[in-house]
Amino acid sequence: MSDWMTHLAFTSNGALKYGGKKEDIPEIQGTKHLLTTIESWLRIDRDERRAREAEERANPKAVKIDAASHFQTRHMAYYR
């Protein structure tokens, strides 16, 4: 692997999954090409995201509606 790379970070769903010095990440030790490792991480991330989105579609969260937002204000009368 190239000597110019010193650290690596991979985030998923707003959290750091892999990160730190390249020597501290076991998945990339002994690999000659970083592409295969990153591709597998992205495929896993894609599958997890699809499962999470399917779960959210199956069980939607209740949306809290603010009653005040449904009534027009005098300020908005100017734009009519």
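In this text, all values refer to a predicted model and were calculated from it rather than measured experimentally.

Give a description of the nonpolar core that names residues and reports values.
Among the nonpolar cores identified, the biggest contains six residues, and these are Met5, Leu8, Phe10, Ile25, Ile28 and Trp41. Contact partners of Ile25, with chain neighbours within four places excluded, come to Leu8, Gly19, Gly20 and Trp41.

Explain the side chain of Ser12 residue by residue, including any values.
Tracing the backbone shows Ser12 in strand 1 (residues 7–12). Among all residues touching Ser12, those that are not within four sequence positions of it are Lys17, Asp45 and Glu48.

Can you break down unusual backbone geometry residue by residue, with the values?
Backbone phi values are negative for most residues with the exception of glycine, while trans is the configuration of most peptide bonds. The backbone phi angle of Asn13 is positive, close to 55 degrees, even though this residue is not glycine. Mapped onto the elements, Asn13 comes out in the loop between strand 1 and strand 2 (15–21).

How would you summarise the environment of Lys17 if you had to cite specific residues and measurements?
Mapped onto the secondary structure, Lys17 falls in strand 2. On the basis of relative accessibility, which here comes to 35%, the residue Lys17 falls in the partly exposed class. Along the backbone, Lys17 and Trp41 are 24 residues apart, and their C-alpha atoms lie at a distance of 9.5 Å.

Outline the pairing of strand 2, listing residues and values.
In this sheet, strand 2 lies alongside strand 1 in antiparallel orientation, the contact comprising six bridges. For Leu8, the partnering residue across the bridge sits in strand 2 and is Gly20. Between strand 1 and strand 2, which follow one another and run antiparallel, lie two residues, and Asn13 among them has a positive phi close to 55 degrees.

Run through the confidence of the model for the protein, naming residues and quoting values.
In the predicted model, the protein carries a mean pLDDT of 83, and 78% of its residues have values of at least 70. Highest mean pLDDT in the protein belongs to helix 1 (residues 34–58) (93); lowest belongs to helix 2 (residues 74–77) (62).

How would you sum up the packing of aromatic side chains? Please name residues and give values.
Under the defined criterion, the tally for this structure stands at three aromatic pairs. Note on Phe10 and Tyr18: the rings are 6.1 Å apart at their centroids and 35 degrees apart in plane angle, and the pair reads as tilted. When its relative accessible area of 10% is taken as the criterion, Phe10 is described as buried. Using a relative accessible area of 22% as the deciding quantity, one classes Tyr18 as partly exposed. Between Tyr18 and Trp41, the aromatic rings sit 4.0 Å apart at their centres with planes inclined by 10 degrees, giving stacked as the arrangement. Linking Tyr18 in strand 2 with Trp41 in helix 1, this pair joins segments that are 23 residues apart in sequence. Following the ring pairs from residue to residue traces out a cluster consisting of Phe10, Tyr18 and Trp41.

How each quantity is defined
Residues numbered from 1 in each chain as written. Predicted model: local features only at pLDDT ≥ 70, side-chain atom pairs only at ≥ 80, totals over all residues. Heavy atoms only, no water. Core = buried A, V, L, I, M, F, W, Y, C linked by side-chain atoms within 4.5 Å. Buried < 20%, exposed > 50% of the residue type's maximum accessible area, 1.4 Å probe, protein only. Contact = heavy atoms within 4.5 Å. Helix = DSSP H or I, 4+ residues; strand = E, 2+ residues; numbered from the N terminus. Pairing = 2+ DSSP bridges. pLDDT = per-residue confidence, 0-100. Phe/Tyr/Trp six-rings, centres within 6.5 Å; stacked < 30°, edge-to-face > 60°.

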